[in-house]
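An overview of the molecular structure
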Amino acid sequence: MTIDYTWWKDASIYQIWPASYKDSNGDGIGDIPGIISELDYIKDLGVDIIWLSPMYKSPMEDMGYDISDYEDINPDFGTLQDMQDLIDGCHTRGLKIICDLVVNHTSSEHEWFKESRSSLDNPKRDWYIWKKPKYDAEGNRQPPNNWMSYFSGSAWEYDETTGEYYLRLFAKGQPDLNWENETCRKAIYDSALKFWLDRGVDGFRIDVAGLYSKDQSFADAPIVFKDSIYQPSGHLTANGPRIHEFHQEMNKEVVSKYDVMTVGEICHCSKEETLKYVGATRNELNMLFIFDVVEVGCDESDRFRYNGWKLTDFKKAIQSQSEFTKGTDAWSTVFIENHDQPRSVTRFGNDKKYHNKSGKLLAMLETSLTGTLFIYQGQEIGMTNVPRSWSIEEYKDINTVNYYNDFKAKYGNDPDFKEKEEKLLDVINLMARDNARSPVQWSAAKYSGFSTAEPWMRVNDNYTEINVESQLKDPNSLLKFYQKMLKIRKQYKDLFIYGGLNILDYDNEQLFTYTKELPNSKSPKAYVVLNMSNESTKFTPLIDGDFKLIVSNVNNDELDEAVLTPYEGRIYLVN
Ligand code: NOJ
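The name given to the protein in an unreviewed UniProt entry is Alpha-glucosidase, and the organism recorded there is Candida maltosa.

Following this line, the structure appears as structure tokens:
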């Protein structure tokens, strides 16, 4: 089999969420000069590309995913010159850098929206999605349909100036752009894409890339949550009728003119539809994020409706995420954390008794799976979810805050409210996006070495035990293990990055065993066995062959060939 090696396929990508990475000027907020000061650390980790979450000018209602000027920088993060220094600083070290492309919506503070909302006949009126109110039997004004916002409540916002509603699938201050309007699309290409490509960025992570084409009937969504007026609009807003045409156009008019990569965030998608986005000859996106693994145990439209997961569910999710490209020319991604997800060592490992060992086990899993690998800041030291003892006031994310407030408004007077609230707080502590957003733990110094001032969000209490400085000194640390695994991934890239996944123990609720191999190849295969539980178990090879251990997460003197201790993982080469 001939392998189509490509730089963005081989790459390991490190995501930086600027507000919480490193503060250089003592205002408690991370910034671009802070990132620049850690470029050597990032290079030493062994990654190839940085994905920078939004650093653009923004009122920060949704932490920068509400952009008020694509061509400027949030002053808390730095200046255009700082950004150019970051791009150049990456390139001189042989790193690439991709930015977040957020073009499903802008901020309501964007000049385009200010014009659009100013009158019914403004030339930019049609750049956003405006609809007339509906009226109920009592004559009360209602939104145009029952679509629910991803951040609770209606997806429509009434605007007094012209007496119409605008669509905002996310926050009030995130009006959806109208991709049906060609002039608007061209303005997006110039301002949000070309501006940055011409300054040297190496591509984009494309925010909610499946939402641009809305079903133009704007019909009510079916009722799936019986306890809610508003309903997920998924099938009417995701992967809509013109979505592939829009991506092909963006690719043809802009992206294809540069040697850059794109990775799209796509939700609620069948395998068939997914392949349309990333088929090599379709010229849409290079790869996309699929959410099966990180959403395991949750309702896909509401992360706080959580039912727990079993290892068999997890395997199924890994399978669907890494196998949908099998036999096609499409490409995929591997990730278990990002700025919207809780910490993986808490969710899928054991962040107390086996912090280091289960963190390493997850590193072995991630680095041995097929596709382009994404690691999120702090994952390399095993940052954990925030403590359950924190009060709701410590959570800053609009998603969490709106959800909690809605819940309180609905159930606040119930006699068993306290009980209900505790249950919700358990789930919030497990699933909230805030877990990914606490400041990076650089050292045991005050404020975890992130800042000299009180940070915008509280530092996780465990920073004196879990931090970069101590892990850099400890040869047995998770950080050192990540450095090693990222090298091993490259050393055996035909197996790990490009090889096919074959799960050997589907029904086992304790062990996860799989091989990685190239189809029709005579070369050895990789055999990965992971004990994803708190109990020891017997190790019995599930295939024949000559087993040679290449890496494990226990020291040689602790290794017992016949037994896998809790969270022990091994990777063998089998001839
Ligand atoms: C997905 C982003 O990852 C998330 O952080 C953001 O809130 C929404 N899109 C809206 O832009």
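**Quick word on the site of the ligand**
The ligand sits among 14 residues. The nearest are D62, H105, D207, H339 and D340. One nitrogen or oxygen atom from the side chain of H339 is found 2.8 Å from an oxygen atom belonging to the ligand. A distance of 2.4 Å separates an oxygen atom of the ligand from a polar atom in the side chain of D340. Class assignment for the residues of the shell around the ligand results in four nonpolar, three polar and seven charged.

**A short note on the pairing of strand β18 (residues 500-503)**
Only one face of β18 is covered, namely the one carrying L501 and I503; the face carrying G500 and N502 has none of its residues buried. Where β18 meets strand β19 (residues 511-517), four bridges bridge the pair, whose relative direction is antiparallel. When the bridges of β19 are listed, L501 appears paired with K516.

**Describing the UniProt feature "domain: Glycosyl hydrolase family 13 catalytic" (unreviewed entry) in the protein**
Per the UniProt record, "domain: Glycosyl hydrolase family 13 catalytic" (unreviewed entry) is found at residues 15-437. The straight-line gap between the two end C-alpha atoms of residues 15-437 is 12 Å; of that span, 31% is helix and 14% is strand.

**A few points about the domain arrangement of the protein**
What the domain assignment lists for the protein is domain 1 (7-106 + 182-479), domain 2 (111-167) and domain 3 (500-574). Placing the centre of domain 1 and that of domain 2 at their C-alpha centroids yields a distance of 29 Å. In this complex, domain 1 contributes 32 residues to the contact, which on the side of domain 2 involves 20 residues. The junction of domain 1 with domain 2 conceals about 2,100 Å² of combined surface from both sides, 65% of it contributed by carbon and sulfur atoms. At the boundary of domain 1 and domain 2, one finds zero salt bridges. Put simply, domain 1 and domain 2 have eight residue pairs in polar contact (both at pLDDT 80 or more) between them. Classifying every residue of the side of domain 1 that touches domain 2 gives 15 nonpolar, eleven polar and six charged.

About the thresholds
- Residues numbered from 1 in each chain as written.
- Predicted model: local features only at pLDDT ≥ 70, side-chain atom pairs only at ≥ 80, totals over all residues.
- Heavy atoms only, no water.
- Near = heavy atom within 4 Å.
- Polar contact = N/O pair within 3.5 Å; in protein donor to acceptor, adjacent residues only side chain to side chain.
- Nonpolar A, V, L, I, M, F, W, Y, C, P; charged D, E, K, R; others polar.
- Buried < 20%, exposed > 50% of the residue type's maximum accessible area, 1.4 Å probe, protein only.
- Helix = DSSP H or I, 4+ residues; strand = E, 2+ residues; numbered from the N terminus.
- Pairing = 2+ DSSP bridges.
- UniProt positions renumbered as here; feature names shortened; annotations may be inferred.
- Domains from an automatic or database assignment.
- Contact = heavy atoms within 4.5 Å.
- Buried area = accessible area lost by both parts, 1.4 Å probe.
- Salt bridge = Lys/Arg side-chain N within 4 Å of Asp/Glu carboxyl O.

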